[in-house]
Amino acid sequence: MSYTLNFAAVWRSFDLLLQGLALSLGLAVIAILAGSVLGLVTAFGLVSKSEVLRRPAGLYVTIIRNTPILVLVLFSYFALPQLGVRLGKIESFVLTLAVYSGAYLAEVFRGGLIAVPPGQREAGLAIGLTEMQIRTSIIIPLMLRNVLPSLGSTMISLFKDTSLAAAIAVPELTFEARKINVETFRVIETWIVASCLYVATCSLLAALMRAVERRLAVPR
């Protein structure tokens, strides 16, 4: 049985794939920003000496990291309304992705916080800085520089994870590709083009993160 490649039908709908790609990127960017804030707060809880802060932070990380993200997506969209929390499909997915990324980033940030030399805090206290000023002006910037490679990897992973939004009919790249596939029956061509868009975008994100790492690298 022969199959002749014909990309014409896919090219006619290429604008839909680009719209889906733009939405995927937007979802990933919003999720990584919200997840970074959540992860940073959780990381400080994980390294806290207080059981009241450490235990809830650890429970959150354990539950989320051991639950498949697709289950979280479906729970957020279908189960939360039963509890009175009604969100649109895009808002629901962004919330899920932010909570999911927050759990992973919490461990990344925790490692970064531990890696900051204690002498940095002592130096801050010596010049009269408050604990909050030490954290925002010294500890967090140093920690972010250390974890930047991991942060970049998480961003790329989140971008790929946006494909799961198709499960709740969010019109991102995978959803649009699936729709074109159904309408044109060009299975191979559609998924080749969609895969190329994912690969190209991930490669650009990786190159961008490497450029940022080089810019922020400490001269040796």
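No experiment lies behind these values; they were computed from the predicted model shown.

Criteria and thresholds
Residues numbered from 1 in each chain as written. Predicted model: local features only at pLDDT ≥ 70, side-chain atom pairs only at ≥ 80, totals over all residues. Heavy atoms only, no water. Helix = DSSP H or I, 4+ residues; strand = E, 2+ residues; numbered from the N terminus. Contact = heavy atoms within 4.5 Å. Patch = residues over 30% accessible without salt bridge, like charges linked within 9 Å, V, L, I, M, F, W, Y side chains within 5 Å. Areas by Shrake-Rupley, 256 points an atom, 1.4 Å probe, with all protein chains shown as cover. Salt bridge = Lys/Arg side-chain N within 4 Å of Asp/Glu carboxyl O. Buried < 20%, exposed > 50% of the residue type's maximum accessible area, 1.4 Å probe, protein only. 1 Å grid on protein atoms, 1.4 Å probe; cavity = no way out; pocket = protein on both sides within 12 Å on 5 of 7 lines; lining within 4 Å. Points joined across faces, edges and corners; volume = space filled by probe spheres on them. Nonpolar A, V, L, I, M, F, W, Y, C, P; charged D, E, K, R; others polar. Phe/Tyr/Trp six-rings, centres within 6.5 Å; stacked < 30°, edge-to-face > 60°.

A.B. asks: Mind showing me how you'd approach the environment of alanine 106 here?
C.D. replies: In this fold, alanine 106 is placed in helix α5 (residues 89-115). A sequence separation of 70 residues divides alanine 106 from serine 36, and the C-alpha atoms of the two residues are 8.0 Å apart. Contacts of alanine 106, omitting those with residues within four sequence positions, involve Gly39, Thr42, Ala43, Leu46 and Val61.

A.B. asks: Looking at this structure, I do not really get a nonpolar patch on the surface. What am I missing?
C.D. replies: There is a patch of nonpolar side chains on the surface, built from Tyr3, Leu5, Val187, Ile188, Trp191 and Ile192 and spanning about 510 Å² of accessible area. Residue position: isoleucine 188 is located in helix α9 (residues 187-216). A relative accessible area of 40% places isoleucine 188 in the partly exposed class.

A.B. asks: Just to check I follow, could you spell out the layout of surface pockets for this structure?
C.D. replies: Taking a probe equal in size to a water molecule and rolling it over the atoms shows the remaining empty space. Considering only enclosed or pocket space, the largest pocket measures out at about 690 Å³ in volume. As for the largest pocket, its lining consists of 25 residues, and the residues nearest its centre are Phe44, Val47, Ser48, Leu113 and Arg135. When residues of the lining of the largest pocket are traced back to their parent elements, those giving at least two are α2 (14-46), α3 (51-65), α5, α6 (118-126) and α7 (131-161). Looking at the lining of the largest pocket, its residues break down into 17 nonpolar, four polar and four charged.

A.B. asks: Would you take a moment to explain the packing of aromatic side chains for this structure?
C.D. replies: Each aromatic ring pair is summarised here by two numbers: the centre-to-centre distance and the angle between the ring planes. Throughout the structure, instances matching the rule amount to five aromatic pairs. Ring plane angle 70 degrees and centroid distance 5.5 Å describe the contact between tryptophan 11 and phenylalanine 14, whose orientation is recorded as edge-to-face. Classification of tryptophan 11 by relative accessible area gives partly exposed; the value is 48%. Relative to tyrosine 104, the ring of tyrosine 100 lies with its centre 5.1 Å away and its plane at 50 degrees, an arrangement referred to as tilted.

A.B. asks: What's the story with the pattern of salt bridges in this structure? I'm lost.
C.D. replies: Between side chains of opposite charge, pairing is possible as soon as their charged atoms come close. By the definition in use, this model includes five salt bridges. The shortest N-O distance in the salt bridge between arginine 54 and glutamate 51 comes to 2.1 Å. Taken together, the residues span about one helical turn, with arginine 54 and glutamate 51 both in helix α3 at a distance of three residues. By relative accessible area, which is 29% here, arginine 54 ends up partly exposed. Assessed through its relative accessible area of 37%, glutamate 51 is described here as partly exposed. Notably, a salt bridge pairs arginine 186 with glutamate 189, separated by 2.7 Å at the nearest N-O pair. Residue glutamate 189 is classed as buried on the basis of its relative accessible area of 0%. Connected through salt bridges with shared partners, the residues Glu51, Arg54 and Arg55 form a single ionic network.

A.B. asks: I keep staring at the side chain of threonine 154 and nothing clicks. Help me out?
C.D. replies: Assignment of secondary structure puts threonine 154 in helix α7. Exposure remark for threonine 154: the relative accessible area of 15% places this residue in the buried category. Beyond its immediate stretch of four places on either side in the chain, threonine 154 contacts Ile32 and Leu105.

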